[in-house]
Structure formats: C-alpha cells, structure tokens
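# Observations on chain architecture
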Amino acid sequence: MTTIQAEIIENTIAFVKETLKNAEGGHDWFHIQRVYNNAKLIAEGENADDFIVALGALLHDIADSKFHNGDETIGPKTAEDFLNSQQVSSEVIEHVIKIIENISFKGGNVNREFSSLELDIVQDADRLDALGAIGIARTFNYGGYKGRGLYNPEIKPNLNMSKEEYKASSAPTLNHFYEKLLLLKDRMNTQTGKEIAEKRHEFMEIYLEQFYKEWNGEA
C-alpha cells in the first residue's frame, strides 16, 4: 500500500469514527474496527487489493439501511461522497460501492449481484462479527434496541422469508439465530473465514443448548 493510500485509510478511520459516534452498539465504530481487523487477517492469505479491502471494510456500514428507514442508497452515497473528497480513483470507488451494496445478508434467499475477491473477504469479515460470543451479544443488543422479546416458543423461525419480509421482521431475537446466524458458517467465501466461522458456530450451538435448558427450568 502506498503512502497516499495509507493516509486515505487514516482519514477514512477518522471519518467513520465521527460518523458512527452515536450508533447502536452492534453497528458502531468498534464493529467496524473488528471487521477491518478480520478483513486484514483474511486478506493475508489471498491475492487481493489491500486498499479496496480496507476501504470496503471501513465503509461497509457507514449508513446501514436498518437505521435509515430501510433506504439502501444512503450508505453507498455517503461512502462515494467521502471517497471523492479524498480523490480516490473512480475505479476504486466503484468497487467499494459494489462491496457496500452486496455485503449484506438480506435474508437467506437473496443472491449477490456482484462478485470479487475483495467482496468475498469483506463479507466474510463482516459475517464473522455476527458469529460467536460477540455475535450473540450484538444480536441481543439489537433485539433490545428494537424492543423485541428474547424468545417465544410459539413463534417459529421463518427460513423462507423474502428480502422485504426479512427486513420487516419483528420476531423474537432467538429466531435470528436460525434465520441468519447459524446459516453463515456454510456461506463463508474464504478458507480462513470458514475455519474461524466453524469455531464460532460451535460456540453458538453450545450457547443455545444452555439457553433452552435454563428456559425449561433444567439444572
């Protein structure tokens, strides 16, 4: 990475920190930082463009549609405006925007409309932060933020939701494990991502087993 690119990355970090300073706890700067670190780790074993990976990781949630009335255009537009202010090339900006537009899960029945190694890496990095101990914490934090119940045995997970149904869902938080989190292990793109996801997936399964025991009054 060149000196100019490194300076742009530092400017991007400062921009993201300021923009997300009041964000919900699961989608704040610390989430971005973890994804950024995950992306750098995964990229070590791949022949990827490190500059695009870094920018994609840092800007992937700059304006998550969940917090902007479902508007999926704000994030890409915010990122594009910032990158233009940094005089980033149009080719890099276009690639980063494609990453932002295609990284999200959006329900289990939605396919990506763009493919690249850099997207694979950033998507894996983001999905890793939805798994394991931090993934569990983020899930319940967001559920509380949205006023959702913890669990209701009478409301079953829906594994066949459309993108619109997935975005509008108000189901209990535990359903999210089955509608997204437990599906991610088999949807990882890179070998490093798959190996880390396997361990975090196992932790979530142990957690759920304990949850149900406690829910049912077992020792």
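For the structure, check the block above.
One structure accompanies this document, and this report is about it. (Residues numbered from 1 in each chain as written. Predicted model: local features only at pLDDT ≥ 70, side-chain atom pairs only at ≥ 80, totals over all residues. Heavy atoms only, no water.)

### Points about the overall build of the chain
Helix and strand counts for the chain stand at 10 helices and zero strands. Overall, the chain shows an N-to-C arrangement of helices and strands of α-α-α-α-α-α-α-α-α-α. Reported as C-alpha extents along the three principal axes, the dimensions of the chain are approximately 60 × 35 × 30 Å. Here the chain holds 219 residues, and 46% of them are scored as buried. (Helix = DSSP H or I, 4+ residues; strand = E, 2+ residues; numbered from the N terminus. Buried < 20%, exposed > 50% of the residue type's maximum accessible area, 1.4 Å probe, protein only.)

### With respect to the side chain of aspartate 129
Positionally, aspartate 129 belongs in the loop between α6 (117-128) and α7 (132-145). Polar side-chain contacts of aspartate 129 include one of 2.6 Å to the side chain of arginine 34. Dropping the residues within four chain positions of it, aspartate 129 is found in contact with His31, Arg34, Val35, Asn38, Ile134, Gly135, Arg138 and Arg200. (Polar contact = N/O pair within 3.5 Å; in protein donor to acceptor, adjacent residues only side chain to side chain. Contact = heavy atoms within 4.5 Å.)

### Quick look at the nonpolar core
Core analysis: the biggest nonpolar cluster contains 57 residues, and Ile9, Leu55, Leu59, Leu83, Val96 and Phe177 have the highest contact counts within it. The set of elements that each furnish at least two residues to this core consists of α1 (3-19), α2 (29-43), α3 (50-59), α4 (74-85), α5 (90-102), α6, α7 and α10 (191-215). (Core = buried A, V, L, I, M, F, W, Y, C linked by side-chain atoms within 4.5 Å.)

### A look at the side chain of aspartate 124
Following the sequence through the fold, aspartate 124 ends up in helix α6. For the buried residue aspartate 124, which engages in no salt bridge, the nearest side chain bearing the opposite charge is arginine 127, 5.6 Å off. There is a polar contact of 2.7 Å between the side chain of aspartate 124 and the backbone nitrogen of threonine 190. Not counting the four nearest positions on each side in its chain, aspartate 124 is found in contact with Ile42, Met188, Asn189, Thr190 and Gly193. (Lys, Arg positive; Asp, Glu negative; His and termini not counted. Salt bridge = Lys/Arg side-chain N within 4 Å of Asp/Glu carboxyl O.)

### Overview of the packing of aromatic side chains
As enumerated under the stated definition, the model contains 11 aromatic pairs in all. Pairing tyrosine 207 with phenylalanine 211 gives two aromatic rings, centres 6.2 Å apart and planes at 45°, and the pair type is tilted. With tyrosine 207 and phenylalanine 211 both in helix α10, this residue pair falls four residues apart, about one helical turn. You can call tyrosine 207 partly exposed: its relative accessible area is 26%. (Phe/Tyr/Trp six-rings, centres within 6.5 Å; stacked < 30°, edge-to-face > 60°.)

### Description of α1
Taking 1.5 Å as the rise per residue, α1 with 17 residues should run 24 Å; its terminal C-alpha atoms sit 24 Å apart, in good agreement. Residues of α1 that are buried: Ile8, Ile9, Thr12, Ile13 and Val16. Buried residues in α1, looked at end-on, bunch into an arc of 145°, giving them a common side. Away from its buried face by more than 90 degrees, α1 exposes Thr3, Ile4 and Glu10. Residues of α1 that are buried in the fold lie against α2, α3 and α4. (Expected span 1.5 Å × (residues − 1). Arc of directions from axis to C-beta.)

### Side note on unusual backbone geometry
Non-glycine residue glutamine 87 carries a positive phi angle of around 60°. Note that glutamine 87 resides in the loop between α4 and α5.

### Looking at the pattern of salt bridges
One pass over the full model with this rule turns up six salt bridges. Between aspartate 186 and lysine 185 there is a salt bridge whose closest N-O contact spans 3.0 Å. For aspartate 186, a relative accessible area of 63% puts it in the exposed group. Residue class for lysine 185 comes out buried when judged on its relative accessible area of 18%. Within the structure, one salt-bridge network assembled from shared partners comprises Arg34, Asp129 and Arg138.

### Some details on the packing of α1 against α2
Relative to each other, α1 and α2 sit at 150°, their axes nearing to 9 Å. When the interaxial angle is binned, α1 and α2 end up roughly antiparallel. Relative to α2, α1 is oriented so that their crossing is right-handed. On the side of α1, the interface is formed by Ile9, Ile13, Val16 and Lys17, while α2 contributes Trp29, Ile32 and Tyr36. Looking at the contact of α1 with α2, its residues break down into six nonpolar, no polar and one charged. (Axes fitted to C-alpha atoms, helices over the stretch in contact; angles between N-to-C directions. Parallel < 35°, antiparallel > 145°, perpendicular 65-115°, else oblique. Left-handed = near helix turned anticlockwise from the far one by under 90°. Nonpolar A, V, L, I, M, F, W, Y, C, P; charged D, E, K, R; others polar.)

### A closer look at the environment of glycine 147
You can see glycine 147 is positioned in the loop between α7 and α8 (163-168). Measuring from C-alpha to C-alpha, the distance between glycine 147 and aspartate 120 comes to 33 Å, with 27 residues separating the pair along the chain.

So yeah, pure geometry; function would need other evidence.
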